[in-house]
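Reading the structure
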There are 2 protein chains.
Amino acid sequence: MARSWPPQAEFDEGVHPAVRFFKGDIRDEAVLQDAVEGCDYIFHLAGKSGASTSNESPIEDLDVNCRGLLLLLDAMRLGATEAVIVFPSSRLVYAPKLPVPVPETAPTTPLSIYGAHKLVAENYLRIFGLQHGLKSVVMRITNPYGPYQRPEQRSYGVINQFIHEAMRGRSITVFGRGEQLRDYIHVDDVVEALLAVAMSPAAAGATYNLGSGTGTSLADLAALIVDVAGSGRVEHVPWPQSEASVETGDFCADIARIEAAVGWAPRVKLRDGIQDVITRVHRAPQRG
Amino acid sequence: MARSWPPQAEFDEGVHPAVRFFKGDIRDEAVLQDAVEGCDYIFHLAGKSGASTSNESPIEDLDVNCRGLLLLLDAMRLGATEAVIVFPSSRLVYAPKLPVPVPETAPTTPLSIYGAHKLVAENYLRIFGLQHGLKSVVMRITNPYGPYQRPEQRSYGVINQFIHEAMRGRSITVFGRGEQLRDYIHVDDVVEALLAVAMSPAAAGATYNLGSGTGTSLADLAALIVDVAGSGRVEHVPWPQSEASVETGDFCADIARIEAAVGWAPRVKLRDGIQDVITRVHRAPQRG
C-alpha cells in the first residue's frame, strides 16, 4: 500500500507482472477488503506524513492515520487473519532530547500529533495481536530519503528538498546553526529491512528502530549535498515558530535490536545515497 | 461537561442558579464553542466509557474520545485560552500486571482501545500545552463508583452493578476466584480531587493517579456488598473471553504524588461508600 495516486511514471501497472493496483482511499472499507484478500504480507505505507502538517490539521491526521489503520486492521481480521502487517512508525514517538543513540526502550512522549498518532497505531497493532492474533511488526523509522520523493514537500524529507535546491544553484536553508543530529536512512535500506522483518517469524510482535545508526548534523548534511551536487550554497536563518515547536533535539537510533534479530544492517553510505538521488532523479532524462 | 442526556432528575436546570446546560454532541463544534466561552475550568467528562465496548467498536470510541477531544481543544484554543482543562484519564493506560501500588511513572501499554485512546488524549493535552499554551491536568482515575451511575451498565462500574443485584436478592457474579485487586474510589472523593487540581496552579501540566490507594479483591468487594446490603449472594463463574482479554491483573494506585502536590486525600471508606450508594439510590423514594 502506498499513498500516491496516480502512481509515478516509474511505477505503472507494467512494472512487474505480480503487482496489482487497487485505487482507493485508505478509509474505504470495500477497497481495503479487496486489497488485503489473500495477502501474506502487508506493508502499510498509505499514511499521511509530516509533524508540522499534523499539528495544523490534527483531525485530518486522525482520520487518515488512526481511522484508516483501524479500518485496515478490521479488514485483515475479516479477510487476512494470517497476514503479517509491517507498520512504519517513526522516531517521532520518542521523547525529545534523549541521550543518543536512542534504544526502543526509551520513553515515548511525542511532541507532535503525528507522533502521538504513530504511538496509538503501535498500540492498535499490539491490541489486535492480543485480541485477534493479528501478526505485526513495528518499525520506528528515522529520517528516510531516496529518489521519487516529491522535492517540494519538506515533510517528505529534508535531504530531497536540499538536493532540489542545490541542483538549481539555490541556497539551502538551515534553521539556526544546524547542529542538531539526525539519522538519515536510504530507502533501499528501508525496503530491505521491511522485507527482512516481514519474513522473519522471530520479528512478529516486535518493535524495531530502523535507521542508519549514525548521527549527522543538518549543517554537515547541507555541506555534503553542496559538495556532491557541485552547486548551491548553505544559508542559515532563524527558526520559524512552527518548526521550533516540533524540534526534537539530537536524534540517532540504536539499531542493535534489529541487527541482532534479523541480521539486517544498513548498506548505503550517506554520500553514496545523496549521489544516488542526484543521479537517478535530477540528472535522469524526464519522462511522461 | 457530562455525557448523559436527558440529565437525571436530580440534575435538572434548577439544581443551582449558576449551572447552565448546553445540549449537544461532543463532536458538534458550534455547541463546544458556546460551552467553553468564558470558562475558567473545564472538566471534560463527556467521553465514552468501557474497555470491552471500545474493543468491539474501536471506530466509535475513536470518534467520540479522540476526535471529540480534539474539537474541544480547538474550541478552547479559539475561545478559552486561559481555561484549565481537567481530563479524566484512566488506570487502563498502564501496562497490565505491574507491581502495586502503581506510580505515574509506570510503563503505559494499554490492553484496550479505550486505554490506547486515553493515552493519546494525554498526549494531545501535552502537545496543545506546548504549542498553544493550553493548561491541563491529567487524572488517571482508578475504579470510580457512587450514586447516579446506571446499574445496568457494567462498563460504568462493577460496584453499582453488584449493589443493584444484591439489593434485589440476586447472585453477584464474580469471574474466576475474584482475587484480582482493584482500587475503588467514591465519586465524592473524585470530585474533590478534580476541583483541587483545577484550582492549584502547581498542578497545571501534571499527571496524577486518582484512587483510594487501597487494593480490594473482587471477591472481598462482593462479600462486603452482600454484608452491607443484607441480601444477595456471591456466585463464581468462569471468565468470559471478552472480559479475560482486557483483564489487567491486580491494580492499586500510588497516590503519593497528588497528596503531596495539592493536599488532597481520599476520605470515603469503601464500606461507607457502599452504604451511601444503597441509601441514596436504592432506598430513596423514586422520583419522576
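Rules and cut-offs
- Residues numbered from 1 in each chain as written.
- Chains lettered and ligands numbered in written order.
- Predicted model: local features only at pLDDT ≥ 70, side-chain atom pairs only at ≥ 80, totals over all residues.
- Helix = DSSP H or I, 4+ residues; strand = E, 2+ residues; numbered from the N terminus.
- Buried ≥ 20, exposed ≤ 12 C-beta atoms within 10 Å, placed from the backbone.
- Contact = placed C-beta atoms within 7 Å.
- Pairing = 2+ DSSP bridges.
- Axes fitted to C-alpha atoms, helices over the stretch in contact; angles between N-to-C directions.
- Least-squares fit on C-alpha atoms with pLDDT ≥ 70 in both.
- Core = buried A, V, L, I, M, F, W, Y, C linked by C-beta atoms within 7 Å.
- Parallel < 35°, antiparallel > 145°, perpendicular 65-115°, else oblique.
- Left-handed = near helix turned anticlockwise from the far one by under 90°.
- Nonpolar A, V, L, I, M, F, W, Y, C, P; charged D, E, K, R; others polar.
- Expected span 1.5 Å × (residues − 1).
- Bend = angle between axes of the 7 residues up to and from the residue.
- pLDDT = per-residue confidence, 0-100.

This part covers the overall build of chain A. If you tally the helices and strands in chain A, you get 10 helices and 10 strands. A buried classification covers 43% of the 288 residues belonging to chain A. Residue pairs at least 24 apart in sequence account for 82% of intrachain contacts in chain A once pairs closer than 6 positions are excluded.

Turning to the interface of chain B and chain A, a few remarks are in order. Bring the parts together and some accessible area is lost; that lost area is often taken as the interface size. Tallying the contact residues gives 22 residues for chain B and 22 residues for chain A. Of all elements in the fold, only helix 3 (58-79) and helix 4 (113-132) of chain B reach the threshold of two or more residues within the side of chain B that touches chain A. For the side of chain B that touches chain A, the element with the highest residue contribution is helix 4 of chain B, accounting for 10 residues.

Residues and elements named next belong to chain A. Taken in spatial order, the 4 strands line up as 1-2-3-8 in an open sheet, and their pairing is parallel. Each edge of the sheet is formed by a strand with only one pairing partner; in this case those strands are strand 1 (41-43) and strand 8 (207-210). Direction aside, the axes of adjacent strands within the sheet are offset by 25° on average. Both strand 3 (residues 135-141) and strand 8 contribute to a ladder of 4 bridges, which runs parallel. Within strand 8, the residue paired with isoleucine 141 across the bridge is leucine 210. Contacts between helix 4 (residues 113-132) and the sheet are confined to strand 2 (84-90), strand 3 and strand 8, with strand 2 contributing the most and set at about 155° to the helix.

Here we come to the sheet that holds strand 3 (residues 135-141) of chain B. Residue and element names in this part refer to chain B. Overall, parallel pairing links the 4 strands, which are arranged 1-2-3-8 in an open sheet. Looking along the sheet, the strands with just one partner apiece sit at the ends: strand 1 (41-43) and strand 8 (207-210). Neighbour to neighbour, the strand axes of the sheet diverge by 25° on average, direction disregarded. The strands touched by helix 4 are strand 2 (84-90), strand 3 and strand 8; relative to strand 2, the strand with the most contacts, the crossing angle is about 155°. Strands in contact with helix 6 (residues 187-198) are strand 1, strand 2, strand 3 and strand 8; relative to strand 3, the strand with the most contacts, it is inclined by about 155°.

The two copies are related by a screw motion: chain B maps onto chain A through a turn of 180° and a shift of 0.0 Å along the axis, at an RMSD of 0.0 Å. Read as a symmetry element, the transformation amounts to a two-fold axis. Among all C-alpha atoms of chain B, that of valine 120 of chain B lies closest to the rotation axis, at 3.1 Å. Residue by residue, 100% of the interface of chain B is reproduced at the interface of chain A, so both copies engage with the same surface.

The next point concerns unusual backbone geometry. Residues and elements named next belong to chain A. Here the amide bond leading from valine 100 into proline 101 is cis, since omega sits at -5°, within 30 degrees of zero. Here the phi dihedral of lysine 97 falls at roughly 55°; this positive angle occurs in a residue that is not glycine. Judged by C-beta crowding, with 13 C-beta atoms within 10 Å, lysine 97 ranks as partly exposed.

Time to look at the nonpolar core. Counting residues in each nonpolar core, the largest one holds 152 residues, and the members touching the most others are Met139 of chain A together with Met139 of chain B. Contact partners of methionine 139 of chain A, with chain neighbours within four places excluded, come to Val86, Phe87, Pro88, Ser89, Ala193, Leu194, Val197, Tyr208 and Leu210 of chain A.

With that out of the way, let us pick up the packing of helix 3 of chain B against helix 4 of chain B. All names here are of chain B. Direction vectors running N to C along helix 3 and helix 4 enclose 15°, while the axes themselves pass 10 Å from each other. In terms of axis orientation, helix 3 runs roughly parallel to helix 4. Crossing handedness for the pair helix 3 and helix 4: right-handed. Contacts between helix 3 and helix 4 involve Pro58, Asp61, Leu62, Asn65, Cys66, Leu69, Leu70, Leu73 and Arg77 from the first element and Ile113, Tyr114, His117, Val120, Ala121, Tyr124, Phe128 and His132 from the second. Tallied by class, the residues present in the contact of helix 3 with helix 4 amount to 12 nonpolar, 3 polar and 2 charged.

Counted at 1.5 Å a residue, the expected span for helix 3 of chain B with its 22 residues is 32 Å, and the 30 Å between its end C-alpha atoms agrees. At glycine 68 of chain B, helix 3 of chain B shows its largest bend, some 25°.

What follows covers the pairing of strand 5 (residues 171-175) of chain A. All names here are of chain A. On strand 5, burial follows the alternation: Ile172 and Val174 on one face are buried, whereas Ser171, Thr173 and Phe175 on the facing-out side are not. As paired strands, strand 5 and strand 10 (residues 233-237) are joined by 5 bridges and run parallel to one another. Of the residues in strand 10, the one forming a bridge with threonine 173 is glutamate 235.

For the rest of this paragraph, the subject is helix 5 (residues 158-167) of chain B. Residues that lie three or four places apart on an α-helix share one face, since the helix turns once every 3.6 residues. All names here are of chain B. Within helix 5, 9 of the 10 residues are buried, leaving the element largely enclosed by the surrounding structure. Within the sequence span of helix 5, burial applies to Val158, Ile159, Asn160, Gln161, Phe162, Ile163, His164, Glu165 and Ala166. Trailing helix 5 by a residue or two, glycine 169 shows a phi angle of about 70°, which is positive.

What follows covers the environment of glycine 47 of chain A. All names here are of chain A. Note that glycine 47 resides in the loop between strand 1 and helix 2 (51-56). You can call glycine 47 buried: it has 23 C-beta atoms within 10 Å. Separated by 120 residues in the primary sequence, glycine 47 and methionine 167 place their C-alpha atoms 29 Å from one another.

Here the focus is the confidence of the model for chain A. Overall, the prediction assigns chain A a mean pLDDT of 90, with 89% of residues at 70 or greater. Interface scoring of the predicted complex returns ipTM 0.89; its pTM is 0.91.

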